[in-house]
Amino acid sequence: MRSVSTQTDDRVRFVTFGCKANQYDTQVLREALLRRGWRETDRESGSSADLVVINTCTVTAEAGRKARQLARRLARENPDVRIAMTGCLAESEPEILRELPGVEWVLGNGEAKRPVHFLRELGHELDPEELGIPAGITEFAGHTRAFLKIQDGCDMACAFCIIPSVRGPSRSRPAEELASEVERLLASGHREIVLCGIHIGHWGRDLGTDLGVLLERLAAVEVEGADGAPIDWRMRLSSIEATEVTGPVLEALAAHPRRIAQHLHMPMQAGDDGVLRAMNRWYDVETYLACCDRIRAVLDRPAFTADVLVGFPGEDEAAFENTLETVRRAQFSRLHVFPFSPRPGTAAAVPSTIGTECAPEDVRERRARLSEVAHELSQAFRRELVGARDTIALEGTVGLSGRYQRVRIPLEHLPARPAALVDVELALDTARAADDDEVRLLGIPARQRTGTCEQAC
Ligand code: SF4
């Protein structure tokens, strides 16, 4: 990171709640403050920090509760600490946050996303050098994967979701700005770039283009490493609606199976037509499943993961059984199961206007049943991957495959020269305790399969 005039040596701590887009927003603020000479501290209590920036989330009531609780604890432990609350909760309930002890700034999404505004609040005048600083970030310190926010906001109106009202309509970042940011992140050592946002399938709509065009542009980014050879890297879509994996997007995924991870996180939310209608989702069950089939027809064993909400008002036992059945038919490799929590300001905030409220014990039981089915499916998916080729983003002897699986590489098969991405053939990992029936995967570097190692093994 290049240095600019140092105006302070105070210490700052950042705490982020919520999604990848929020983590990216934190990084923007982090880089802006570190450029001004702030030193980062990650001390658990925050007592060593002069300023704590809490970038909040409001998607669930629980996320909001945790952020408020943290602010109270920090102020109790260190009465001198100055606290800035930023992000979605600061947008949705600023008055409540302003009342918290120690909270000096409450900066909603519009304000916090402009670091210059926050810096002025902290007493830094706009540095002329700031004008030459490129948009975006340069690194995600301590991580192999870096998040790249390609758009913000959402134009939809799902009944349970507060995000459109706290982040506004969809706005896309220009492709060339994003390509330059990918180059910087690769130069900083990252080897997997996760494209994130709030509704990334809508990238480009406001610019008269589409996500497929962006994927092609980014796939073409080449950066030379210190040895003069092109850096080996890949990208991954963080989350995309199933109905938006079509045309140019699907073509880009098929054309670049190594550069674009063959993993799609496609929020399903429910597997029952009545519940989907009540949620104001724009597809029915058969449409969602047809999207899965269309993608499977083009890609080699892609991994599908999804979010599913249980206990949405009006979800009765029959509707929940339909969701279980749909989840089985979609053959997800992993599921994130969330209990419904009404958020003020959303259509579902008053459950009785949507449907009968679910009893908490029903929600708990459905969550457990769905998680059990999800576990079975993830085990089955791993078994199906045996013999498949994949690319592992390595961290030590374990890494993440393109299909979003943890894969172990046996010590004797680790590449002689350090490599961030390793092509492997997948096998079952049988090295585990006798009472452990979890299916795990092993990766044998592909080039070794045809050499002496294969004979030795
Ligand atoms: S698509 Fe629906 S759930 Fe997703 S951010 Fe937009 S409104 Fe929320």
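The structure under discussion appears in the preceding block.
These lines cover the structure that appears in this document, whether it is placed above or below. (Residues numbered from 1 in each chain as written. Predicted model: local features only at pLDDT ≥ 70, side-chain atom pairs only at ≥ 80, totals over all residues. Heavy atoms only, no water.)

**What about the site of the ligand?**
If you check the shell around the ligand, you find C154, M156, C158, F160, C161, P164, I198, H199, E241, R281 and W282 and nothing else. Residue composition of the shell around the ligand, grouped by class: eight nonpolar, one polar and two charged. (Near = heavy atom within 4 Å. Nonpolar A, V, L, I, M, F, W, Y, C, P; charged D, E, K, R; others polar.)

**Observations concerning the packing of helix α9 (residues 211–219) against helix α10 (residues 247–255)**
The geometry of a pair of packed helices is captured by two quantities: the angle between their axes and the separation between those axes. Contact geometry for α9 and α10: axes closest at 7 Å, N-to-C directions at 25°. Our classification of the angle between α9 and α10 gives roughly parallel. As α9 packs across α10, the resulting crossing turns out to be left-handed. Packed against α9, whose contacting residues are L211, G212, L215 and E216, the element α10 presents P248, V249, A252 and A255 at the interface. Of the residues belonging to the contact of α9 with α10, the class tally is six nonpolar, one polar and one charged. (Axes fitted to C-alpha atoms, helices over the stretch in contact; angles between N-to-C directions. Helix = DSSP H or I, 4+ residues; strand = E, 2+ residues; numbered from the N terminus. Parallel < 35°, antiparallel > 145°, perpendicular 65-115°, else oblique. Left-handed = near helix turned anticlockwise from the far one by under 90°. Contact = heavy atoms within 4.5 Å.)

**Things to note about the pattern of salt bridges**
Scanning the entire structure with this criterion turns up 31 salt bridges. Put simply, R73 and E77 hold a salt bridge, and the shortest N to O gap is 3.4 Å. Note that R73 and E77 are positioned in helix α2 (residues 61–77) at a spacing of four residues, about one turn of the helix. Given a relative accessible area of 25%, R73 falls into the partly exposed group. Between R408 and D429 there is a salt bridge; the shortest N-O distance is 2.9 Å. Here R408 is found in strand β16 (residues 406–408), whereas its partner D429 is found in the loop between β17 (421–428) and β18 (441–445), with 21 residues between them in sequence. What makes D429 buried here is its relative accessible area of 6%. When salt bridges that share partners are traced, they join E315, E317, E321, E365, R366 and R369 into one network. (Salt bridge = Lys/Arg side-chain N within 4 Å of Asp/Glu carboxyl O. Buried < 20%, exposed > 50% of the residue type's maximum accessible area, 1.4 Å probe, protein only.)

By themselves these figures say nothing about function.
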